[in-house]
Amino acid sequence: MHTFLLLLLAGCPAPTPADTADTAGIACGDTLMCTGAAVCVREGYEPTCENVTDTAAECPEGTTASHCGGDGHPCCCGPMPDPTFQCYEPSGCGDTPTCDCVEAACPADKACSSLISETSGMFSCDELPKP
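Along each chain, residues carry numbers from 1 onward, in the same order as the chain's sequence is written. This being a predicted model, a pLDDT of at least 70 is required before a residue's local features are given, and a value of 80 or more before pairs of side-chain atoms are given or counted; all residues contribute to the totals for chains, interfaces and linings. The side-chain numbers reported here are obtained from all heavy atoms of the structure, hydrogens and water having been left aside.

A. Up close: the pattern of salt bridges. Throughout this description, the term salt bridge denotes a Lys or Arg side-chain nitrogen within 4 Å of a carboxyl oxygen of Asp or Glu. Per the counting criterion, the structure on display carries two salt bridges. Note that Arg-42 is salt-bridged to Asp-126, the shortest N-O span being 3.2 Å. Taken together, the residues Arg-42 in strand E3 (residues 39-43) and Asp-126 in strand E9 (residues 122-127) connect sequence positions 84 residues apart. The cut-offs for exposure are 20% and 50% of the maximum accessible area for each residue type, with area from a 1.4 Å probe on protein chains only; residues under the lower value are buried, those over the upper are exposed, and the others partly exposed. The partly exposed category is assigned to Asp-126, whose relative accessible area is 28%. Helix numbering and strand numbering both begin at the N terminus, where a helix is a DSSP run of H or I of at least 4 residues and a strand a DSSP run of E of at least 2.

B. Here's a closer look at the environment of Gly-25. Relative to the assigned elements, Gly-25 resides in the loop between helix H2 (17-24) and strand E1 (26-28). Given the relative accessible area of 23%, Gly-25 is considered partly exposed. Each C-alpha atom of the pair Gly-25 and Gly-36 lies 6.9 Å from the other, and the pair is 11 residues apart in sequence. Two residues qualify as a contact provided that any one of their heavy atoms is within 4.5 Å of a heavy atom in the partner residue. Non-local contacts of Gly-25, meaning those with residues more than four positions away in its chain, are made with Met-33, Cys-34 and Thr-35.

C. Main features of the sheet that holds strand E5 (residues 64-68). The rule for pairing is simple: two strands pair if DSSP sees at least two bridges between them. One open sheet holds the three strands; their spatial order is E4-E6-E5, and the pairing between them is antiparallel. Each end of this open sheet is capped by a strand with a single partner; those strands are strand E4 (49-51) and E5. Averaged over all pairs of adjacent strands, the angle between their axes in this sheet comes to 40°, without regard to strand direction. Examined bridge by bridge, E4 and strand E6 (residues 73-77) share three bridges and lie antiparallel to one another. Its bridge partner lying in E6, Asn-51 is registered against Cys-75. Axis geometry follows a simple rule: fit a line to the C-alpha atoms, using only the stretch in contact for helices, then measure angles between N-to-C directions, giving values from 0 to 180 degrees.

D. The sheet that holds E9, seen in detail. In space, the four strands of this open sheet follow the order E7-E3-E9-E8, with mixed pairing throughout. Edge positions in the open sheet fall to strand E7 (84-88) and strand E8 (110-114), since each of these has one partner strand only. The average angle at which neighbouring strand axes cross in this sheet is 25°, direction not considered.

E. A look at the nonpolar core. Residue types Ala, Val, Leu, Ile, Met, Phe, Trp, Tyr and Cys, when buried and joined through side-chain atoms within 4.5 Å, form a set referred to as a nonpolar core. In terms of nonpolar packing, the biggest core is built from nine residues, these being Val-39, Val-41, Cys-99, Val-102, Ala-105, Cys-106, Cys-112, Phe-123 and Cys-125. Only E3, helix H3 (99-102) and E9 provide two or more residues apiece to this core.

F. Quick peek at the confidence of the model for the protein chain. Overall, the predicted model of the protein chain reaches an average pLDDT of 82, with 81% of residues at or above 70. Within a predicted model, pLDDT stands for the predictor's per-residue confidence, ranging from 0 to 100. Segment residues 1-22: pLDDT under 50, and three contacts once partners within four positions in sequence are set aside and those in other chains are kept.

Have a look at this one:
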């Protein structure tokens with residue numbers, strides 16, 4: 001009986017890294033787990049900011065002095081909003097998804113970038129730089 005069990009176990013191939021990645025999935029934010037071909041897409045949001053006309057005045061409580069717009073004019077900004085996360089199954093990516101095929105998950109005014117590495121399966125949609 002023991003010999004049969006050993007032969008049975010010896011005949012089972014060890015899982016490959018790709019097999020374990022598919023079953024483990026990709027942690028996406030605090031609560032999501034993207035599995036299969038799905039990738040994690042994080043969407044970042046800019047804080048609410050108001051232009052400052054009196055540069056000698058202090059920003060209201062709960063805001064921070066910053067520089068806004070492409071020209072870097074003074075402004076007061078609220079706290080950074082929390083990002084949102086989604087699992088997205090891109091099409092036409094082949095084995096390794098890139099921003100070229102994940103870009104469709106981003107709103108039109110945001111650009112895709114890889115997080116961690118090009119092959120991590122984690123992407124971010126962030127606002128384009130201001131002109």
